[in-house]
Amino acid sequence: MNAIAAAIVGFAGGIVGGLLGVGGGILFVPALVIFMDETQVRAEATSLLAIVPVALVAVWRQRGYGNVRMRDGLVIGALSPVGAAIGVVTANTIPQRALELAFAGLALLIATQLVIRALRPASDTRE
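Residues numbered from 1 in each chain as written. Predicted model: local features only at pLDDT ≥ 70, side-chain atom pairs only at ≥ 80, totals over all residues. Heavy atoms only, no water.

Colleague: Looking at this model, I keep getting lost on the nonpolar core. Mind explaining?
Modeller: The tendency in soluble globular proteins is for nonpolar side chains to be buried as a group. Counting residues in hydrophobic clusters, the biggest one holds 5 residues: Ala-5, Val-29, Leu-32, Met-36 and Ala-43. Among residues more than four places away in sequence, those in contact with Met-36 are Asn-2, Ala-5, Ala-6 and Ala-31. (Core = buried A, V, L, I, M, F, W, Y, C linked by side-chain atoms within 4.5 Å. Buried < 20%, exposed > 50% of the residue type's maximum accessible area, 1.4 Å probe, protein only. Contact = heavy atoms within 4.5 Å.)

See the structure below:
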């Protein structure tokens, strides 16, 4: 059952990742915690590995459409490993419940900002 659930989560994550540019934190982590009974730390760690192929395929396809800002992406990518290393150490030292609440709070903050942005008058011609 876990292999089937993991395959479903992976397929759904690929679709959502390609469609919306998300997957790891937004889909994989909650799915691993809720449906596969992983701890928050294990779900986050597994998600970090799972998002690599999703990101590689999605950026390859998006680059073909001219949507990738290479310089910005490379700067973000070059600087993020230091933050990731600090985050991993921190995630492994704080209580599970604190991680769950922090993740939920971040998801709510992001959702709120996206709703506010979506309700503004459109500036993009693609609606």
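There's more to say after this.
Colleague: Which parts of the structure should I look at to understand the packing of aromatic side chains?
Modeller: How two aromatic rings sit relative to each other is given by the distance of their centres and the angle of their planes. What the rule picks out here adds up to 0 aromatic pairs. One cation-aromatic arrangement involves Arg-61 over Trp-60; the distance from NZ or CZ to the ring centre is 5.6 Å. (Phe/Tyr/Trp six-rings, centres within 6.5 Å; stacked < 30°, edge-to-face > 60°. Lys NZ or Arg CZ within 6 Å of the ring centre and 35° of its normal.)

Colleague: Teacher, can you tell me more about the environment of Leu-56 here?
Modeller: Relative to the elements of secondary structure, Leu-56 occurs in helix H3 (residues 40-64). A residue is classified by how much of its surface remains accessible, and Leu-56, at 55% relative accessible area, is exposed. (Helix = DSSP H or I, 4+ residues; strand = E, 2+ residues; numbered from the N terminus.)

Colleague: How do you make sense of the side chain of Gln-40 when you look at a structure like this?
Modeller: Tracing the chain through its elements places Gln-40 in helix H3. Aside from chain neighbours lying at most four places away, what touches Gln-40 is Val-29, Val-33, Gln-96, Leu-99, Glu-100 and Phe-103.

Colleague: Looking at this structure, how should I read helix H4 (residues 70-91)?
Modeller: Residue pairs three or four apart in sequence face the same way in an α-helix, which turns once every 3.6 residues. Between the first and last C-alpha of H4 there are 30 Å, a value that for 22 residues agrees with the 32 Å anticipated at 1.5 Å per step. Along its length, H4 reaches its greatest deviation from straightness, about 35°, at Ser-80, and the proline Pro-81 lies no more than four positions downstream. (Expected span 1.5 Å × (residues − 1). Bend = angle between axes of the 7 residues up to and from the residue.)

Colleague: Can you help me understand a nonpolar patch on the surface in this one?
Modeller: A surface patch of nonpolar side chains, amounting to about 460 Å² of accessible area, comprises Ile-26, Leu-106, Leu-109, Ile-110 and Leu-114. Along the polypeptide, Leu-114 turns up in helix H5 (residues 96-119). The exposed category is assigned to Leu-114, whose relative accessible area is 53%. (Patch = residues over 30% accessible without salt bridge, like charges linked within 9 Å, V, L, I, M, F, W, Y side chains within 5 Å. Areas by Shrake-Rupley, 256 points an atom, 1.4 Å probe, with all protein chains shown as cover. Salt bridge = Lys/Arg side-chain N within 4 Å of Asp/Glu carboxyl O.)

From the geometry alone we can't say anything about function, so treat these as descriptive.
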